[in-house]
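Report on the structure
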Amino acid sequence: MTVLVAYASAFGSTREIAQHVASRMAVARGEVECRSEAVVVGSAIHNQAWLPPALPFFNGHARELAIRPVWAFSVGMADALPRPFRKRGAALQQERLARVLVKEVPLRGHEIFSGVYKAGQMPAPLRMLFRLVGGRFGDFRDWAADDGWTDQITDQLTRPASSPSTGIITG
Ligand SMILES: Cc1cc2nc3c(=O)[nH]c(=O)nc-3n(C[C@H](O)[C@H](O)[C@H](O)COP(=O)(O)O)c2cc1C
């Protein structure tokens, strides 16, 4: 299986998720047979948007991406928000991100993951207010969720090496 995992990360948590996804797929590679080339694009979210290198990569390679299976993941701070806002925050975030991705590339899936959000990354005047309303800082990555998502992709891209191939033969 050939899978390009492309990512954009400012502080490293998205890079680590991308590496984790790629390593897990590489392990699966030994057990499965290639069906197609695929692309996974991931980016940290800053100010409701993908980091600058990710969007031009995605939109600029639309033609090449459109003929391959493509998945996206975005890494944000939904789980740092006060509990009542987490799900809704992630959903709104996803809708907003989807609006700026070119429509010629149909995504097989777009997952919102939580990353690492440290107090030092928020402007000092807002930190206390954020905490007061129930916001938190920390490492909110859920590796089991990342693995589950990765395995779904692997399942879709592969078939057991021993199974017969299928196709249409005319003659
Ligand atoms: C300046 C800044 C802006 C951010 N804006 C958002 C945002 O709009 N939405 C969100 O969900 N997370 C936001 N975050 C949280 C980051 O996406 C989160 O910390 C992520 O794990 C960063 O990934 P990285 O470590 O790969 O850079 C922001 C973080 C920073 C530092």
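These notes cover the structure that comes with them. (Residues numbered from 1 in each chain as written. Predicted model: local features only at pLDDT ≥ 70, side-chain atom pairs only at ≥ 80, totals over all residues. Heavy atoms only, no water.)

1. Describing the pattern of salt bridges
How we decide: What makes a salt bridge here is a side-chain nitrogen of Lys or Arg within 4 Å of a carboxyl oxygen of Asp or Glu, nothing more. Numbering of helices and strands runs from the N terminus, with a helix taken as a DSSP run of H or I at least four residues long and a strand as a DSSP run of E at least two residues long. Three labels apply to residues, based on accessible area from a 1.4 Å probe with only protein chains included: buried if under 20% of the type maximum, exposed if over 50%, partly exposed otherwise in between.
For the structure on display, the rule yields five salt bridges. For D151, the salt bridge goes to R24, with nearest N and O atoms at 2.7 Å. One end of the pair, D151, is in helix α6 (residues 143-157); the other, R24, is in helix α1 (residues 13-29), with 127 residues separating them in the sequence. Among the residues examined, D151 registers a relative accessible area of 27% and is labelled partly exposed. Relative accessible area serves as the criterion here: at 32%, R24 is assigned to the partly exposed category. A salt bridge links R68 to E37, with the shortest nitrogen-to-oxygen separation between them at 3.3 Å. Of the two residues, R68 sits in the loop between α3 (62-66) and β5 (70-76) while E37 sits in strand β3 (residues 37-46), which places them 31 residues apart along the sequence. By relative accessible area, R68 is classed as partly exposed at 27%. What makes E37 partly exposed here is its relative accessible area of 40%.

2. As for the site of the ligand
To be explicit about the condition: The nearness test applies per residue and asks whether one of its heavy atoms lies within 4 Å of the molecule or strand. Counted as a polar contact is a pair of N or O atoms within 3.5 Å, where, for protein atoms, one must be capable of donating a hydrogen and the other of accepting one, and residues adjacent in sequence contribute only when both atoms are in side chains. Calculation of accessible area relied on Shrake-Rupley with a 1.4 Å probe; when residues are assessed, cover is drawn exclusively from the protein chains displayed. With a 1 Å grid laid over protein atoms only, a set of points is called a cavity when a 1.4 Å probe fits there but cannot get out and a pocket when it is open yet has protein on both sides within 12 Å along at least five of seven lines; lining residues have an atom within 4 Å of a point. Think of it this way: if more than half of a molecule's atoms are within 2 Å of a pocket's grid points, that molecule is in the pocket or cavity.
By nearness alone, 19 residues border the ligand, and S9, F11, S13, I45 and V116 come closest of all. Contacts to the ligand include S9, whose side-chain N or O atom sits 2.5 Å from an oxygen atom. Contact between the ligand and S13: an oxygen atom at 2.6 Å from a side-chain N or O atom of the residue. Out of a free accessible area of 640 Å², the ligand has 88% covered by protein chains. The cavity where the ligand resides is the largest pocket. Of all the elements in the fold, those that place two or more residues in the shell around the ligand are α1, β3, β5 and β7 (116-117). Ranked by residues supplied to the shell around the ligand, first place goes to β3 with three residues.

3. Observations concerning the environment of Q93
The criterion, for reference: Any pair of residues with heavy atoms lying within 4.5 Å of one another is described as a contacting pair.
Tracing the backbone shows Q93 in helix α4 (residues 83-100). Of the residues examined, Q93 reaches a relative accessible area of 15% and is grouped as buried. In sequence terms Q93 and S74 are 19 residues apart; their C-alpha atoms lie 9.2 Å from each other. Setting aside residues no more than four positions away along its own chain, Q93 makes contact with I45 and Q48.

4. Let's talk about the pairing of strand β6 (residues 107-114)
To keep it simple, the criterion reads: Any two strands with at least two DSSP bridges between them are considered paired. For the handedness criterion, the strands are oriented away from the viewer, and a crossover whose path from the first strand over the helix to the second runs clockwise is classed as right-handed.
Direction of pairing for β5 relative to β6: parallel, over a ladder of seven bridges. Opposite W71, over in β6, you have G109 as the bridge partner. In this fold, β5 hands off to α4, which returns the chain to β6; that crossover is right-handed.

5. Some points on α4
For the record, the criterion: Every helix has an expected span of 1.5 Å times one less than the residues it contains. For a residue, the bend is simply the angle between two axes, fitted respectively to the seven-residue segment ending there and the seven-residue segment starting there.
Between its first and last C-alpha, α4 extends 27 Å over 18 residues, near the 26 Å set by a 1.5 Å rise per residue. A bend of about 25° at G89 is the largest found in α4. Turning to α4, its buried residues are R86, A90, Q93 and L97. In the core, the buried residues of α4 are packed alongside β3, β4 (49-50), β5 and β6.

6. Digging into the environment of R108
Looking at where R108 falls in the secondary structure, it is placed in strand β6. Overall, R108 belongs to the partly exposed group, its relative accessible area being 47%. C-alpha of R108 to C-alpha of I153: the two residues are 45 residues apart in sequence and 8.8 Å apart in space. Those residues in contact with R108, other than ones at most four positions away along the chain, are P69, V70, W71 and Q156. There is a polar contact of 3.3 Å between the side chain of R108 and the side chain of Q156.

Everything listed here is a matter of coordinates, which is why it stays silent on function.
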